[in-house]
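# Chain and residue survey
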Amino acid sequence: MITNPTGRITQGQFSFLPDLTDDEITAQIEYGLRKGYAWSVEYTDDPHPRNTYWDMFGMPMFDLRDAAGVMQELRECRKTFQGHYIRMVAFDSTRGIESITMSFIVNRPPTEPGFGLERQEAEGRTLRYTVKSYATDRPENERYS
Amino acid sequence: MSTPRYSIPGSAPSVPPRDPEGPGAAIAQAPDAMERARSVAAVLAESQVEQVLADLDRDLVGLAPVKQRIRDIAALLVIDKLRMNLGLQAETPSMHMSFTGNPGTGKTTVALRMAEILHRLGYVRKGHLVAVTRDDLVGQYIGHTAPKTKEVLKKAMGGVLFIDEAYYLYRPENERDYGQEAIEILLQVMENQRDDLVVILAGYKDRMETFFRSNPGLSSRIAHHLDFPDYSVDELQQIAERMLAQRHYRFGAGAREIFHQYLERRIQQPHFANARSVRNALDRARLRQASRLFAERDRELGRDDLTTLLPADLLASRVFAEGSAGEATP
Ligand SMILES: Nc1ncnc2c1ncn2[C@@H]1O[C@H](COP(=O)(O)OP(=O)(O)OP(=O)(O)O)[C@@H](O)[C@H]1O
Ligand SMILES: [Mg+2]
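Residues numbered from 1 in each chain as written. Chains lettered and ligands numbered in written order. Predicted model: local features only at pLDDT ≥ 70, side-chain atom pairs only at ≥ 80, totals over all residues. Heavy atoms only, no water.

Below, the discussion takes up the overall build of chain B. A tally of helices and strands in chain B yields 16 helices and seven strands. Within chain B, the proportion of its 330 residues that are buried is 44%. Look at the contacts in chain B between residues 6 or more apart in sequence, and 74% of them connect residues 24 or more apart. As presented, chain B carries roughly 17,700 Å² of accessible surface, and 51% of it is formed by carbon and sulfur atoms. (Helix = DSSP H or I, 4+ residues; strand = E, 2+ residues; numbered from the N terminus. Buried < 20%, exposed > 50% of the residue type's maximum accessible area, 1.4 Å probe, protein only. Contact = heavy atoms within 4.5 Å. Areas by Shrake-Rupley, 256 points an atom, 1.4 Å probe, with all protein chains shown as cover.)

Let's shift gears to the overall build of chain A. Each helix and strand in chain A was counted, giving two helices and six strands. Overall, chain A shows an N-to-C arrangement of helices and strands of α-β-β-α-β-β-β-β. Once the C-alpha set of chain A is aligned to its principal axes, its extents read approximately 60 × 40 × 25 Å. Each of the 145 residues in chain A was classed as buried or not, and the buried ones make up 46%. Residue pairs at least 24 apart in sequence account for 54% of intrachain contacts in chain A once pairs closer than 6 positions are excluded. Total accessible area computed for chain A in this model is approximately 8,300 Å², and 49% of it derives from carbon and sulfur atoms.

Evaluated as defined, the whole model comprises 29 salt bridges over all chains. Across the pair R58 of chain B and D55 of chain B runs a salt bridge whose closest N-O atoms are separated by 3.3 Å. On the criterion of helical spacing, the pair formed by R58 of chain B and D55 of chain B is a turn pair, its members being three residues apart in helix α4 (residues 49–59). Of the residues examined, R58 of chain B reaches a relative accessible area of 52% and is grouped as exposed. The salt bridge involving D59 of chain B is made with R113 of chain B; its shortest N-O contact spans 3.0 Å. Residue D59 of chain B is found in helix α4, and its partner R113 of chain B is found in helix α6 (residues 107–120); the two are separated by 54 residues along the sequence. Overlapping salt bridges, with partners in common, bring together E30 and D66 of chain A together with R125, K126 and D196 of chain B in one network. (Salt bridge = Lys/Arg side-chain N within 4 Å of Asp/Glu carboxyl O.)

Glancing now at a nonpolar patch on the surface. Residue and element names in this part refer to chain A. Among the surface-exposed residues, L117, L127 and Y129 lie close enough to one another that they form a single nonpolar patch of about 300 Å² accessible area. Within the element layout of this structure, Y129 appears in strand β6 (residues 127–133). Residue class for Y129 comes out exposed when judged on its relative accessible area of 53%. (Patch = residues over 30% accessible without salt bridge, like charges linked within 9 Å, V, L, I, M, F, W, Y side chains within 5 Å.)

Now for empty space enclosed by the protein. All names here are of chain A. Evaluation of the coordinates by the stated rule reveals three cavities of 30 Å³ or more. Roughly 60 Å³ of volume is contained in the second largest cavity. What lines the second largest cavity is R8, Q13, F14, S15, L17, P18, D19, L20, I105 and R108. (1 Å grid on protein atoms, 1.4 Å probe; cavity = no way out; pocket = protein on both sides within 12 Å on 5 of 7 lines; lining within 4 Å. Points joined across faces, edges and corners; volume = space filled by probe spheres on them.)

Predicted coordinates in areas of low pLDDT are best not read in detail. All names here are of chain B. Here chain B averages 86 in pLDDT, and 88% of its residues register 70 or above. Mean pLDDT across the elements of chain B ranges from a minimum in helix α1 (residues 23–28), with 42, to a maximum in strand β3 (residues 160–163), with 97. For residues 10–30, every residue scores under 50 in pLDDT, and the model assigns this stretch 15 contacts once sequence neighbours within four places are set aside. (pLDDT = per-residue confidence, 0-100.)

What follows concerns the sheet that holds strand β3 (residues 85–92) of chain A. Residue and element names in this part refer to chain A. Read across the sheet, four strands follow the order β2-β1-β3-β4 without closing on themselves; strand pairing throughout is antiparallel. The open sheet has two edge strands with one neighbour each: β2 (55–61) and β4 (99–107). On average, adjacent strands in this sheet sit at an angle of 20° to one another, irrespective of strand direction. In this sheet, β3 lies alongside strand β1 (residues 38–44) in antiparallel orientation, the contact comprising seven bridges. Residue Y43 lies in a different strand from β3, and its bridge partner there is I86. Against the sheet, helix α1 (residues 22–34) contacts β1, β3 and β4, and its axis sits at roughly 170° relative to β4. Across the sheet, helix α2 (residues 67–80) is in contact with β1, β2, β3 and β4; its angle to β2 comes to roughly 165°. (Pairing = 2+ DSSP bridges. Axes fitted to C-alpha atoms, helices over the stretch in contact; angles between N-to-C directions.)

Here the focus is the site of ligand 1. All names here are of chain B. T108, T109, Y231, R276 and R279 are the nearest of the 18 residues found near ligand 1. Within the backbone of V61, a nitrogen or oxygen atom sits 2.8 Å from a nitrogen atom of ligand 1. Within the side chain of Y231, an N or O atom sits 2.7 Å from a nitrogen atom of ligand 1. In the complex, 85% of the free accessible area of ligand 1, which totals 630 Å², lies under the protein chains. (Near = heavy atom within 4 Å. Polar contact = N/O pair within 3.5 Å; in protein donor to acceptor, adjacent residues only side chain to side chain.)

Residue and element names in this part refer to chain B. Only one face of strand β5 (residues 224–228) is buried: it carries H224, L226 and F228, and the other face, with H225 and D227, is open. Pairing of strand β1 (residues 97–101) with β5 involves five bridges; the strand directions are parallel. Bridging from a neighbouring strand, M97 pairs with H224 of β5.

Below, the discussion takes up unusual backbone geometry. Residue and element names in this part refer to chain B. Even without glycine at this site, E165 takes up a positive phi of about 50°. Checked against the element boundaries, E165 lands in the loop between β3 and α9 (179–192). Exposure remark for E165: the relative accessible area of 27% places this residue in the partly exposed category. In this model, H271 sits at a positive phi of 60°, which is unusual for a non-glycine residue. Note on placement: H271 falls in the loop between α13 (255–266) and α14 (274–295). Residue classification places H271 among the exposed positions, given a relative accessible area of 62%.

A few words on the nonpolar core. For soluble globular proteins, the rule of thumb is that nonpolar side chains tend to be buried together. Residue and element names in this part refer to chain B. Within the largest apolar cluster, 61 residues are counted, with the highest numbers of intra-cluster contacts made by I70, F99, L118, I200 and F259. The element contributing the most residues to this core is helix α5 (residues 64–85), with seven residues. Leaving out residues up to four positions away in the same chain, L118 has contacts with L77, M95, M97, Y123, V124, V160 and V198. In this structure, V130, V132, L153 and I222 belong to the second largest nonpolar core, which totals 28 residues. (Core = buried A, V, L, I, M, F, W, Y, C linked by side-chain atoms within 4.5 Å.)

What follows is the structure, encoded as structure tokens:
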């Protein structure tokens, strides 16, 4: 289900939980660092579930030892993109794995208007269904202000 | 979207104020023995810092004033810990330092130990050392410096940032030098993120003094200035013996005295770099020993042959060549 009862988009880890506090985010980042993952910060204001590739806020952070550096990057991203979705992404560079191992939302717009169902009439009596976020009716960077 | 008839945590539009005893608080700090310590002995036992101090004393020759200062700093941190446990002190003291001294006097080596001490006493969370110079912090064009400096700072967080030859950050002859930008970012982090990292600035004494005079903001944020004295010939000799022992070499008959003479001559010459020159001299002696043994193709080489440096291996140095004033090279 794309629309869910919380009215919030749910993707990645922890998205059915209350928003994580900064201490909880720090603890998750520490966990990832201990596993040797490289963290990065990504943001978007297009909440469509198929929008897989969000924009990167800076480079992935390799060779960090402590969560403080990652949290600083997150704070800067929050300052720059206040009303956007922001997520933390952990990358495991181990040869043969080389993929994302953790991902969770750490910032949301104040209100999330949700998605509308669109019907397209195709050949014969076929109907095609898709969803569209009410937020994306407006141009980028003006969607949640 | 219809309003749900059941509620899921976090779904309420008006978020209630966060419970201070909530899960975040629990994660932040589990009470540990260190927090409950009430005596110096308890902190020492809990932190295991004495082991590092003892290693420092044992592994490094000389450097008496530096070792004393480090003990003082450790004492200060222990007492501060006790004060904090009793609620007498909330703020952590500033631990940024400057290490001044000639090349090869052990600044980098001591900085590594310092990081370990600060870590054991809970002053930094991870205790690693990130050693950088101007090139790692300062960019080549406008807008390049800030991300570069921040990148390094992020890597150093939780540990110690060691900036070697820090005075190169400041180039007064070029007023548009990007070094100034790096200094400003550093200043900000040194002031506002004391809990996150400790900065150690290192370099030659006189140039560091000029640097601090032109950057009073930096100098006033540095709590401890440690000066590394040059080593005496006897100390250099001891350092040499240790380096050899570590690599399973030793001085053969008469070689010790020759090396002493070598040091006496070498310290008069330009480009003398204390312990590093000793290391280099020994490396060259090993090279000559290897060539000497290599020449005797058919001889069976025993343990003694392979571990012993003979006077001849040392005497071939240019330092012993008459009238020589240049840098000693093989
Ligand atoms: N007191 C000492 N006892 C034993 N070894 C030492 C001592 N001091 C320095 N050394 C050795 O000398 C070498 C050079 O020391 P180090 O790199 O710490 O010097 P430095 O002061 O950082 O020099 P520079 O200013 O040129 O960077 C190292 O290999 C170190 O192990
Ligand atoms: Mg050094």
